Amino acid sequence: DALNLVVTGGAGYVGSVCTARLLAEGHAVTVVDDLSTGHADAVPEGARLVEGDAADATRDLLAKGSYDGVLHFAAKSLVGESMQDPAKYWHGNVGTTLRLLDAMRDHGTPRLVFSSTAATYGEPETSPIAETAPTRPTNTYGATKLAVDLAITGYARAHGLAAVSLRYFNVAGAHGGIGERHATETHLIPLVLQVATGARERIQIFGEDYPTEDGTAVRDYIHVSDLADAHLLALRHARAGEHLVYNLGNGTGFSVRQVIEACREVTGHPIPAAVAPRRAGDPAVLVAASDRAREELGWKPERADLAGIVADAWRFTQRRAEG
Ligand code: UFG
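Source: prediction; values computed, not measured.

With that settled, consider the site of the ligand. Lining the immediate surroundings of the ligand are 20 residues, of which His187, Gln204, Arg219, Arg279 and Asp282 lie closest. Between the ligand and the protein, one listed contact pairs a nitrogen atom with a backbone N or O atom of Gln204 at 2.6 Å. One nitrogen or oxygen atom from the main chain of Phe206 is found 2.9 Å from an oxygen atom belonging to the ligand. Bound to the protein, the ligand loses 92% of the 680 Å² it would expose on its own. Going through the elements one at a time, helix 6 (188-197) and strand 8 (203-206) are the ones with two or more residues in the shell around the ligand. Among the residues forming the shell around the ligand, the class breakdown is 12 nonpolar, five polar and three charged.

With that settled, consider the sheet that holds strand 12 (residues 254-255). Taken in spatial order, the three strands of this open sheet run 12-9-14, and their pairing is mixed. Looking along the sheet, the strands with just one partner apiece sit at the ends: strand 12 and strand 14 (285-286). Alignment of strand 9 (residues 218-219) against strand 12, held across two bridges, turns out to be antiparallel. By the bridge assignment, Val218 is partnered in strand 12 with Ser255.

When the terminal C-alpha atoms of helix 1 (residues 13-24) are compared, their 17 Å separation across 12 residues agrees well with the 16 Å that a helix rising 1.5 Å per residue should span. Judged by how many residues are buried, helix 1 sits mostly within the fold: 11 of 12 residues are covered. Where the residues of helix 1 are buried, they touch strand 1 (4-8), strand 2 (28-33), strand 4 (69-72), strand 6 (162-168), strand 7 (170-172) and helix 7 (224-237). Downstream of helix 1 by a residue or two, Gly26 has a phi angle that is positive, lying close to 95 degrees.

Mapped onto this structure's residue numbering, the UniProt feature "domain: NAD-dependent epimerase/dehydratase" (unreviewed entry) falls at residues 6-249. This span, residues 6-249, is 39% helix and 20% strand, and a straight line between its end C-alpha atoms measures 25 Å.

We now examine the sheet that holds strand 2. Within the open sheet, the seven strands sit side by side as 3-2-1-4-5-6-11. Their pairing is parallel. On the outer flanks of this sheet lie strand 3 (48-51) and strand 11 (243-248), each paired with one strand and no other. With direction set aside, neighbouring strand axes in the sheet form an average angle of 20 degrees. Pairing of strand 5 (residues 111-117) with strand 6 involves seven bridges; the strand directions are parallel. Looking across to strand 6, one finds that Thr117 is bridged to Tyr168. Here helix 4 (residues 86-107) sits on the sheet and contacts strand 4 and strand 5; the angle it forms with strand 4, its principal contact strand, is near 170 degrees.

Turning to unusual backbone geometry, a few remarks are in order. Note that the residue after Ser127, namely Pro128, is joined by a cis bond; omega there is 0 degrees. Inspection of the secondary structure puts Pro128 in the loop between strand 5 and helix 5 (140-159). The backbone of Ile271 shows a phi angle near 45 degrees, a positive value even though the residue is not glycine. Position of Ile271 among the secondary structure elements: in the loop between helix 8 (256-267) and strand 13 (273-276). Take Ile271: its relative accessible area is 0%, and that puts it in the buried class.

We now examine the pattern of salt bridges. Counted by the stated rule, this structure contains 20 salt bridges. Across the pair Glu81 and Lys88 runs a salt bridge, and its minimum N-O distance is 2.8 Å. Overall, Lys88 belongs to the partly exposed group, its relative accessible area being 33%. For Arg257, the salt bridge identified is with Glu208, shortest N-O distance 2.3 Å. Taken together, the positions of Arg257 in helix 8 and Glu208 in the loop between strand 8 and strand 9 put the pair 49 residues apart, joining distant regions of the chain. Judged by relative accessible area, which is 32%, Arg257 ranks as partly exposed. When salt bridges that share partners are traced, they join Arg21, Glu25, Asp226, Asp229 and Arg303 into one network.

Right, let's get into the nonpolar core. Within the largest apolar cluster, 40 residues are counted, with the highest numbers of intra-cluster contacts made by Val14, Leu22, Leu71, Leu166, Val171, Leu248 and Trp299. At the level of elements, strand 1, helix 1, strand 2, strand 6, helix 7, strand 11 and helix 9 (291-297) are the ones that each hand at least two residues to this core. Per element, the largest residue contribution to this core is eight residues, and it comes from helix 7. Setting aside its immediate chain neighbours within four residues, Val14 contacts Phe73, Tyr168, Val171, Val224 and Leu227. Leu188, Ile271, Ile309 and Val310 belong to the second-largest nonpolar core, a separate cluster that totals 25 residues.

Reading the values: the criteria
- Residues numbered from 1 in each chain as written.
- Predicted model: local features only at pLDDT ≥ 70, side-chain atom pairs only at ≥ 80, totals over all residues.
- Heavy atoms only, no water.
- Near = heavy atom within 4 Å.
- Polar contact = N/O pair within 3.5 Å; in protein donor to acceptor, adjacent residues only side chain to side chain.
- Areas by Shrake-Rupley, 256 points an atom, 1.4 Å probe, with all protein chains shown as cover.
- Helix = DSSP H or I, 4+ residues; strand = E, 2+ residues; numbered from the N terminus.
- Nonpolar A, V, L, I, M, F, W, Y, C, P; charged D, E, K, R; others polar.
- Pairing = 2+ DSSP bridges.
- Expected span 1.5 Å × (residues − 1).
- Buried < 20%, exposed > 50% of the residue type's maximum accessible area, 1.4 Å probe, protein only.
- Contact = heavy atoms within 4.5 Å.
- UniProt positions renumbered as here; feature names shortened; annotations may be inferred.
- Axes fitted to C-alpha atoms, helices over the stretch in contact; angles between N-to-C directions.
- Salt bridge = Lys/Arg side-chain N within 4 Å of Asp/Glu carboxyl O.
- Core = buried A, V, L, I, M, F, W, Y, C linked by side-chain atoms within 4.5 Å.

See the structure below:
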């Protein structure tokens with residue numbers, strides 16, 4: 001069934017890719033984005049863009065129209081910045097989302113899909129990480145996302161909201177001409193690819209003394225298209241009064257060195273690397289156990305191959321570099 005949806009943060013990387021997929025499935029999408037980090041030209045054709053605060057602008061929409069659900073991507077998402085300026089994250093992520101939840105409650109909006117994160121778990125005791133693992137975030141970003149998850153559970157139970165939180169691991173790749181283009185880029189794959197375009201001289205490896213095979217940190221990279229698939233499935237599986245939580249990753253970890261090597265192979269560029277100190281708050285290994293998403297949602301990541309993920313990101317990077 002075609003749904004009428006609000007997508008907050010639909011001008012951002014993951015939000016715009018999910019918007020494209022929702023439109024392709026025949027859903028109607030109104031994007032709400034304040035364009036603080038997103039780009040108006042990233043909003044796929046066919047979606048309406050309302051420029052404004054994720055809670056206030058969505059409340060206005062819900063008051064005027066009939067919507068089947070909200071996908072809430074809009075958030076502050078830089079781990080380092082969250083430690084320097086916690087207020088920006090507590091207000092921007094928790095405050096805004098509470099006001100959004102109130103608007104949805106007031107207007108009886110039935111469904112919510114929320115972008116949660118692996119950062120809610122902090123430094124894991126066991127790997128891979130299942131949804132039953134303890135949540136002890138090591139940074140403010142992760143703490144604010146966990147706080148929102150806890151609030152959603154309460155709203156779902158009390159007000160009959162059908163809610164799903166998706167805990168992303170390391171999202172990468174590009175989909176149909178949409179990729180990562182942050183003004184302040186902190187993510188490994190786009191930074192490594194900037195070296196290959198000549199925009200950056202070398203990549204810094206943050207820490208070579210982790211208890212991993214080659215000493216560099218290990219992450220679970222998931223293709224943004226596979227992530228978008230999970231959102232479509234989550235919308236379908238959401239149940240009134242329940243809050244479902246799913247980890248989304250491929251279940252395979254790649255070290256920083258392995259990622260750089262994959263980028264060298266894909267781009268044919270030598271990509272000079274230099275070892276630098278560890279980045280504060282970085283766990284050694286973050287790998288997802290996504291069995292729950294596979295079993296309950298029927299989710300099957302189809303682009304788990306790291307070289308393929310990098311190749312898609314590279315195509316996007318080259319296209320942007322050429323203007
Ligand atoms: N890294 C480098 N050099 C760089 C950039 C990153 O060595 O120039 C390393 C990081 O230290 C880390 C790995 O590459 O070990 C991946 O770093 P990213 O910044 O790409 O991703 P993170 O794992 O830090 O962050 C991701 C999400 C966050 C989320 C976090 C959960 O992007 O939103 O996972 O811990 F909070």
